[in-house]
Amino acid sequence: MNLKEQLYILTVAECKSITRAAEKLHVSQPALSSFVRSVEEALGVKLFERSSKGLMPTYAGELYLRAARRMFFLKSEFDENLSGLKNDRRGRLRIGMQMRRSPYIIPEFYKEFGEKYPEVEISFAEGVMEKLEKMLHEDELDLVLCDRIRELPGFTCIKITEEFLLLAVSPNHPLAGSGKWLPAYGRNWIDLRRFGDETFILQGPWQSQRIFSDWLLRSMKITPSRIIEIQNIETSTRLSALGIGVSFVKDTYARHFSFAPEPRYFLVGETPFTIEFVAIHKEEKYMPSFVGDALEIIRKGL
């Protein structure tokens, strides 16, 4: 932001002399005198008049000086904010996510990230992926947090974590105590094919968890004989705990659930089936360094 004209006029007013102002500005006296005349001609008014005290501002000059000082104040404020942006101390971060995750991410994120970056403006948008992708395309969001289902051309994908897709069954199910402990994963594993004749409680076909559940069932060559569709994952898990059927749930969701009775959770798949949880943004979009801290806070909160 260049305020050369305002600086020159303010300096003349301060020095009350073209000669002294020229010395202070390190320009020649004729050049500064010509500059002031050209400004006055452009404005169509005189800014200074001679007096026994030197050059004094006219009424128009006083108006000019008042406005020039405000412009320098705004420039100073702008320069400070710009410096903060360059050093990634200031800015904004607009994050989109599906509603299912928001209770486990947003509260702690606001607390921890807000304490570390108090001058970064944070906002969240919650909704279905179709809506969030549209907002990302239209630059209404900086990041969208989601499961990695497919590649989006023109977007960069940053892995946050991998989540296990667990099988949830009633604690009274005949196979509830049949899992095999896998020390490397810290969980029990069970062969999903043993549940081939069960009722499966699954999400709607448009939901990401249903997409992964279908992939897993196809990979194990299982075609459920009966499916109950429930959109809410907490509800489907609760139904499983009560013995209505079996369902799938991500381990990051399951750890936040509290049911009585508690379901039994099992790793499933030839190797434990995992889902990548990622952040996506436009390829050409500049990402401040604080985005890395933001994603780490989100990862810890899952």
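Student: When you look at the overall build of the chain in this model, what are you seeing that I'm missing?
Tutor: In terms of helices and strands, the chain carries 10 helices and 13 strands. Taken over C-alpha atoms, the radius of gyration comes to 32 Å for the chain, far larger than the 19 Å a tight globule of 302 residues would show. Taking the principal axes of its C-alpha atoms as reference, the chain extends roughly 105 × 30 × 30 Å. Expressed as a percentage of the 302 residues in the chain, the buried residues total 48%. By sequence separation, contacts in the chain at least 24 residues apart represent 72% of the contacts at least 6 residues apart. Summing over all exposed atoms, the chain offers an accessible surface of approximately 16300 Å²; the carbon and sulfur share of this is 52%.

Student: Any chance you could explain the pairing of strand β2 (residues 54–57) here in plain terms?
Tutor: Within a regular strand, side chains alternate between the sheet's two faces. As paired elements, strand β1 (residues 48–51) and β2 share 4 bridges and run antiparallel to each other. Bridging from a neighbouring strand, Phe48 pairs with Pro57 of β2. Counting the residues in the hairpin turn of β1 and β2 gives 2 residues.

Student: Is there a simple way to think about the confidence of the model for the chain in this case?
Tutor: Detailed reading of the predicted coordinates is not advisable wherever pLDDT is low. Confidence in the prediction of the chain, expressed as mean pLDDT, is 90, and 96% of residues score 70 or more. Element-level pLDDT for the chain is lowest in helix α4 (residues 59–86), with a mean of 79, against a maximum mean of 98 in strand β9 (residues 199–202).

Student: When you look at empty space enclosed by the protein in this model, what are you seeing that I'm missing?
Tutor: Rolled over the atoms, a probe sized like a water molecule indicates the empty space that remains. Throughout the structure, instances matching the rule amount to 1 cavity of 30 Å³ or more. Lining the largest cavity, in full, are Arg101, Tyr104, Ile105, Thr252, Tyr253 and Leu302. For the lining of the largest cavity, the elements supplying multiple residues, two or more each, are α5 (102–116) and α9 (251–254).

Student: I keep staring at unusual backbone geometry and nothing clicks. Help me out?
Tutor: Most peptide bonds are trans, and most residues other than glycine sit at a negative phi. Put simply, Ala260 and Pro261 share a cis peptide bond, and its omega is 5°. Tracing the chain through its elements places Pro261 in the loop between α9 and β12 (264–267). Notably, Lys16 is not glycine yet its phi reads approximately 60°, a positive angle. Within the secondary structure layout, Lys16 lies in the loop between α1 (4–15) and α2 (18–25). Look at His26: it is not a glycine, yet its phi comes out positive at around 60°.

The rules behind the values
- Residues numbered from 1 in each chain as written.
- Predicted model: local features only at pLDDT ≥ 70, side-chain atom pairs only at ≥ 80, totals over all residues.
- Heavy atoms only, no water.
- Helix = DSSP H or I, 4+ residues; strand = E, 2+ residues; numbered from the N terminus.
- Rg over C-alpha atoms; globule rule 2.2 N^0.38 Å.
- Buried < 20%, exposed > 50% of the residue type's maximum accessible area, 1.4 Å probe, protein only.
- Contact = heavy atoms within 4.5 Å.
- Areas by Shrake-Rupley, 256 points an atom, 1.4 Å probe, with all protein chains shown as cover.
- Pairing = 2+ DSSP bridges.
- pLDDT = per-residue confidence, 0-100.
- 1 Å grid on protein atoms, 1.4 Å probe; cavity = no way out; pocket = protein on both sides within 12 Å on 5 of 7 lines; lining within 4 Å.
- Points joined across faces, edges and corners; volume = space filled by probe spheres on them.

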